[in-house]
Each structure stands twice: as C-alpha cells, then as structure tokens.
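Read off the chains here:
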Amino acid sequence: EVQLVESGGGLVQAGGSLRLSCAASGFTFDDYAIGWFRQAPGKEREGVSCISSSDDMTYYTDSVKGRFTISSDNAKNTVYLQMNSLKPEDTAVYYCGAAFRYGNSWPRLSLLDYDYWGQGTQVTVSS
C-alpha cells in the first residue's frame, strides 16, 4: 500500500532546470521526512535534500545549496525538487525516500533512517 512515485526527470543542457515530483500514498505524510537522493553509475547513493512538511524544516547538501529548492504540497501528499543551474555532475538516478520521525527526530540525509523508496527517475545533464 505504501508508495512513492518519482517523475519529472529527463535530459537537459548544463545551466538548465528540471522539477522532480515525489507522490506519496499509504502512510501519514506529516509523520515522515521526505528526502531526495541520487546515484550516478559506479558511485554510492548520496543525499541531496529533505523536508518535513509538518514543521517546515528543510535541509540541503552543500553541493546543491543555492541551486535546488525542496517544497511540499500537503493537500497532494507530494514533494518537489526544483533544480536550477544544473551541472553535468548532477547526472544521476534520483530517488525519493520517506523516514519516520521518531519523537520528531530529524534524519536529514542519513540513508539508514529512510523506510520507503520510490523507483527513481533519470536526470541527465549534458555539457
């Protein structure tokens, strides 16, 4: 019943923009942090950004600060990642994950804290 479905990936030239969406269902949206992660070929999965819509908390990894913006639409149980000024090194499969907030904990981008994952969407940035 729990589902996370990513969409919005594609091919874009360096300096361009994309907006990714993560549609959630089957769990209480406000009890979870929602994170965006990415994995490039031959590399480990890394955290990009996360959000807790219940208290309006957000977090970004240093490499995307000032370029990416995470947001949520609680009525739609959907989290977005607006990606601007894209670079070739942003090329990866992007995944969204959900982490239960035990006692209002803030998992940020700790991979082991995320309970559910989507299928991923490919983002390719050409130079």
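Structure shown above.
The structure presented is a predicted model; accordingly, all values stated were derived computationally and were not measured.

### Quick look at the pattern of salt bridges
Opposite charge on two side chains permits pairing when their charged atoms draw close.
Right, so step 1: Within this structure, the stated rule accounts for five salt bridges.
Right, so step 2: Between Arg38 and Glu46 there is a salt bridge, with its nearest N and O atoms 2.8 Å apart.
Right, so step 3: We classify Glu46 as partly exposed; its relative accessible area is 32%.
Right, so step 4: Here Lys65 and Asp62 are joined by a salt bridge, their closest N and O atoms 3.1 Å apart.
Right, so step 5: Bridged by salt links that share partners, the residues Arg38, Glu46, Arg67 and Asp90 form one connected network.

### Concerning the state of the cysteines
Right, so step 1: Summed over the entire model, instances satisfying the criterion amount to one disulfide.
Right, so step 2: The side chain of Cys22 participates in a disulfide bridge whose partner is Cys96; the two sulfur atoms lie 2.1 Å from each other. Looking along the S-S bond of the Cys22-Cys96 disulfide, the torsion reads about 70°, which is the right-handed sense. Here the residue Cys22 occupies a position in strand E3 (residues 18-25), and Cys96 occupies one in strand E9 (residues 92-100), the gap between them amounting to 74 residues. Note on accessibility: Cys22 and Cys96 belong to one class, buried.

### Remarks on the sheet that holds strand E8 (residues 78-83)
Right, so step 1: Spatial ordering of the open sheet is given by E1-E3-E8-E7, a layout of four strands whose pairing is antiparallel. Looking along the sheet, the strands with just one partner apiece sit at the ends: strand E1 (3-7) and strand E7 (68-73). Between one strand and the next, the sheet's axes are offset by a mean angle of 15°, whatever the strand orientation.
Right, so step 2: Where E1 and E3 come together, five bridges link them in antiparallel fashion. Each residue of the ladder has a partner; that of Ser7, found in E3, is Ser21.

### A look at the pairing of strand E6 (residues 57-60)
On a regular strand, each side chain points to the face opposite its neighbour's, so the side chains alternate between the two faces of the sheet.
Right, so step 1: Strand direction decides the pairing type here: strand E5 (residues 46-52) and E6, joined by four bridges, are antiparallel. Looking at the pairing, Ile51 lines up with Thr58 of E6.
Right, so step 2: As consecutive antiparallel partners, E5 and E6 are separated by four residues, and within that stretch Asp56 has a phi angle of approximately 60°, a positive value.

### A word on the packing of aromatic side chains
Right, so step 1: In total, this model carries eight aromatic pairs according to the counting rule given.
Right, so step 2: Residues Phe37 and Trp117 carry aromatic rings whose centres are separated by 5.0 Å and whose planes lie at 65° to one another, so their mutual orientation is edge-to-face. Placement of Phe37 in strand E4 (residues 32-39) and of Trp117 in strand E10 (residues 116-117) is noted, with a sequence separation of 80 residues between them.
Right, so step 3: Residue Phe37 is classed as buried on the basis of its relative accessible area, which comes to 0%.
Right, so step 4: Of the residues examined, Trp117 reaches a relative accessible area of 30% and is grouped as partly exposed.
Right, so step 5: An aromatic cluster is defined as three or more aromatic residues linked by ring pairs; in this entry it consists of Phe27, Tyr32, Phe100, Tyr102 and Tyr116.
Right, so step 6: Positioned above the aromatic ring of Tyr95, the side-chain terminus of Arg45 is 3.8 Å from the ring centre.
Right, so step 7: One residue, Arg45, lies across the ring of Trp117, its end atom 4.8 Å from the ring centre.

Conventions we followed
Residues numbered from 1 in each chain as written. Predicted model: local features only at pLDDT ≥ 70, side-chain atom pairs only at ≥ 80, totals over all residues. Heavy atoms only, no water. Salt bridge = Lys/Arg side-chain N within 4 Å of Asp/Glu carboxyl O. Buried < 20%, exposed > 50% of the residue type's maximum accessible area, 1.4 Å probe, protein only. Disulfide = S-S within 2.5 Å. Helix = DSSP H or I, 4+ residues; strand = E, 2+ residues; numbered from the N terminus. Pairing = 2+ DSSP bridges. Axes fitted to C-alpha atoms, helices over the stretch in contact; angles between N-to-C directions. Phe/Tyr/Trp six-rings, centres within 6.5 Å; stacked < 30°, edge-to-face > 60°. Lys NZ or Arg CZ within 6 Å of the ring centre and 35° of its normal.

Everything listed here is a matter of coordinates, which is why it stays silent on function.
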